[in-house]
Amino acid sequence: MASKFNPLRYDLPPNTRACLFQDPKQLSSPPKTPIQDPKLIINGGSTLSGHVSISGSKNSALPILAATLCCSGSSNLKNVPCLSDTRTMASILESLGAQLMTFNGEIVVNTDGLLSVEPDSAEIRKLRGGFFVLGPLLARFGEATVGLPGGCDIGTRPIDLYIHGLQALGATVELRDGKVQAHVSNGKGLTGASFGLDCPSVGATETLMMAACLAEGNTVISNAAQEPEIIDLAGFLTNCGAAVEGAGTDTLYISGRRRLYGSEYSIMPDRIEAGTYMLAAAITRSHISMSPVIYSNLTSLLDKLSRAGCKILHLSDDTLELSAVPGATGDNLQGFSIKTRPFPGFPTDLQPLTMALLSTCKGISVIEETVFENRMSHVTELQKFGAKIQVCGSTALVFGKGNASPLCGSQVIATDLRGGMSLVLAGLAAEGCTEISGISHVDRGYESLEMKLQGLGANVTRMTSSSGPSQNFGISFASL
Ligand SMILES: CC(=O)N[C@H]1[C@@H](OP(=O)(O)OP(=O)(O)OC[C@H]2O[C@@H](n3ccc(=O)[nH]c3=O)[C@H](O)[C@@H]2O)O[C@H](CO)[C@@H](O)[C@@H]1O
Ligand SMILES: C=C(OP(=O)(O)O)C(=O)O
């Protein structure tokens, strides 16, 4: 299929906004050297200071990009983070025939001239969010064939709830040749229905909400996920003419519309990235500020960090300051226990990073992972820094070392996004040099990672095996 702009055909380093959103004309001369999976080199043990800007939310941007498939006309999305995941999502939309353009730093998506209802399976396998196109494609075009999704290897991550929900809306759904094939055979399209989810899956709620927006009649989804990203997606869909009520509660009421119309929308700030920088400040016993943040999306982490001894100040409506400097907090931070839960509980995506922090705090902490059954693979790597952690099933006991016995730099491997980022945090706190390979996992979810860390004073360098230290692509979204 002829493509106006496919960022994945170019080997630009992952951590540059330019790679997704640059003027297509400027992408006509791709670099010659293939980019190898990069490593991060961290000389740790020093404190951070200053201010960090929080990017748009990955987990909002992905379903909202998928939701543009529900809409006639163009959608103008602002604050989309430049990540390998959003680049992959752009490529998925392009593989269907969508037109993606940027204008003044915004991404404009038009899905009117779609040529296919089967996205590129190789791209779908790279992330979880690509699978979310299933609902919009089926609802708007009456059929869709979507390969099984990838994403972090943190559990079995089935898709049964997506399938049952689409069947409840009247679709025929089959799994054939590793692809989900769905169609509506009544000649009219999906039909609204009332059903409940066995567990409040974020992706299933999003997929079914999008599908129900174009179904005939009313849909009620009970036991829906309540994550802030659901509210953000509902905000975009409502702007496009959808009738969605109850987003952020456990029951969604959707009144189907014949058509939705593309609209302008700004993606909310990434709560997981904000939490990550809070934890980076805490593990290095530093004082930093950040914006924009939405406090109500961060309550469970803020409560724990306050109890640990961090001082947290709300500088303004969207600006937060965190101090874990020993003078301000007493000798050290106190460990605490967490149990991951769906929102508003403690987010599973912050579990690995919190584990890194707890390994430096006083006392014994208990971490219970209840959302995914296999989200502990970072433990063996954290142990290489000298962290004292024992795992039994989905529970980890962290024997905090306290400041007196710091972590030591190490050579480690990232095997998933947040687990990989927990190694970055450990590297920032550890005495000496840390080398983290597999950093492409981390690039899925952190925009301008080393630039943001360098801006806070961290000694972090990106290396590729072919070219040594990589170029610092400091191109900002606004400047494009
Ligand atoms: C792209 C994206 O938004 N990813 C997020 C999304 O993932 P994702 O949407 O995949 O996570 P889910 O909320 O679906 O998963 C939660 C639990 O539900 C189970 N389940 C899910 C679907 C299904 O059909 N059957 C089933 O049993 C899963 O195995 C898991 O145990 O929410 C997770 C939970 O907050 C986050 O960690 C991910 O960062
Ligand atoms: C698990 C995550 O992403 P995904 O669902 O795309 O694997 C994450 O963002 O931490």
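Residues numbered from 1 in each chain as written. Chains lettered and ligands numbered in written order. Predicted model: local features only at pLDDT ≥ 70, side-chain atom pairs only at ≥ 80, totals over all residues.

A.B. asks: It is not clear to me how the confidence of the model for the protein chain should be interpreted in this structure. Could you clarify?
C.D. replies: Regions with low pLDDT carry predicted coordinates that are not meant to be interpreted in detail. The predicted model of the protein chain averages 89 in pLDDT, with 88% of residues at 70 or higher. Taken together, the stretch residues 469–480 has pLDDT below 50 and engages in 30 contacts with residues farther than four places along the chain or on a different chain. Both confidence scores are given for the complex: pTM 0.91, ipTM 0.99. (pLDDT = per-residue confidence, 0-100. Contact = placed C-beta atoms within 7 Å.)

A.B. asks: Explain the site of ligand 2 to me, please; I cannot follow it from the model alone.
C.D. replies: Within the structure, ligand 2 sits among Asn 59, Leu 127, Arg 128, Gly 129, Gly 151, Cys 152, Asp 349, Leu 417, Arg 418 and Gly 445. Taken together, the residues of the shell around ligand 2 break down into three nonpolar, four polar and three charged. Residue assignment places the shell around ligand 2 across two domains, with domain 1 (39–54 + 269–463) and domain 2 (58–266) each supplying three or more. (Near = placed C-beta within 6 Å. Nonpolar A, V, L, I, M, F, W, Y, C, P; charged D, E, K, R; others polar. Domains from an automatic or database assignment.)

A.B. asks: How should the domain arrangement of the protein chain be read in this particular structure?
C.D. replies: The accessible area lost on association of the parts is a frequent measure of interface size. Assigned domains of the protein chain: these are domain 1 (39–54 + 269–463) and domain 2 (58–266). On a C-alpha basis, the centres of domain 1 and domain 2 stand 31 Å from each other. Residue-level contacts link 17 residues of domain 1 with 16 residues of domain 2. Considered class by class, the residues forming the side of domain 1 that touches domain 2 number four nonpolar, five polar and eight charged.

A.B. asks: What is the right way to read the site of ligand 1 from this model?
C.D. replies: Asn 59, Leu 161, Ser 201, Val 202 and Gly 203 are the nearest of the 22 residues found near ligand 1. Put simply, the parts of the chain that give the shell around ligand 1 at least two residues each are helix H2 (58–67), helix H6 (160–168) and helix H7 (202–213). A per-class count over the shell around ligand 1 returns eleven nonpolar, seven polar and four charged. Each of two domains, domain 1 (39–54 + 269–463) and domain 2 (58–266), supplies a minimum of three residues to the shell around ligand 1. (Helix = DSSP H or I, 4+ residues; strand = E, 2+ residues; numbered from the N terminus.)

A.B. asks: How should the sheet that holds strand S6 (residues 106–110) be read in this particular structure?
C.D. replies: For sheets, the rule is that strands pair by backbone hydrogen bonds, running either parallel or antiparallel. Ordered in space as S5-S6-S4-S15, the four strands form an open sheet in which the pairing is mixed. A strand with exactly one partner marks an edge of an open sheet, and here the two such strands are strand S5 (99–103) and strand S15 (264–266). With direction set aside, neighbouring strand axes in the sheet form an average angle of 25°. Bridge count for strand S4 (residues 74–78) against S6 is four bridges, and the pairing is antiparallel. If you follow Ser 74 over to S6, its bridge partner there is Asn 110. (Pairing = 2+ DSSP bridges. Axes fitted to C-alpha atoms, helices over the stretch in contact; angles between N-to-C directions.)

A.B. asks: Sorry, what's going on with the pairing of strand S11 (residues 218–222) here?
C.D. replies: A regular strand places its side chains on the two faces of the sheet in alternate fashion. Of the two faces of S11, only the one carrying Thr 219 and Ile 221 is buried; Asn 218, Val 220 and Ser 222 on the other face are not. In the sheet, strand S10 (residues 194–196) pairs with S11 via three bridges, with the strands oriented parallel. Note on S11: the bridge partner recorded for Gly 196 is Ser 222. For the crossover from S10 across H7 to S11, the handedness is right-handed. By the bridge criterion, five bridges tie S11 to strand S13 (residues 251–255) in an arrangement that is antiparallel. Directly across from Ser 222, in S13, lies its bridge partner Thr 251. (Buried ≥ 20, exposed ≤ 12 C-beta atoms within 10 Å, placed from the backbone. Right-handed = clockwise from strand over helix to strand, strands pointing away.)

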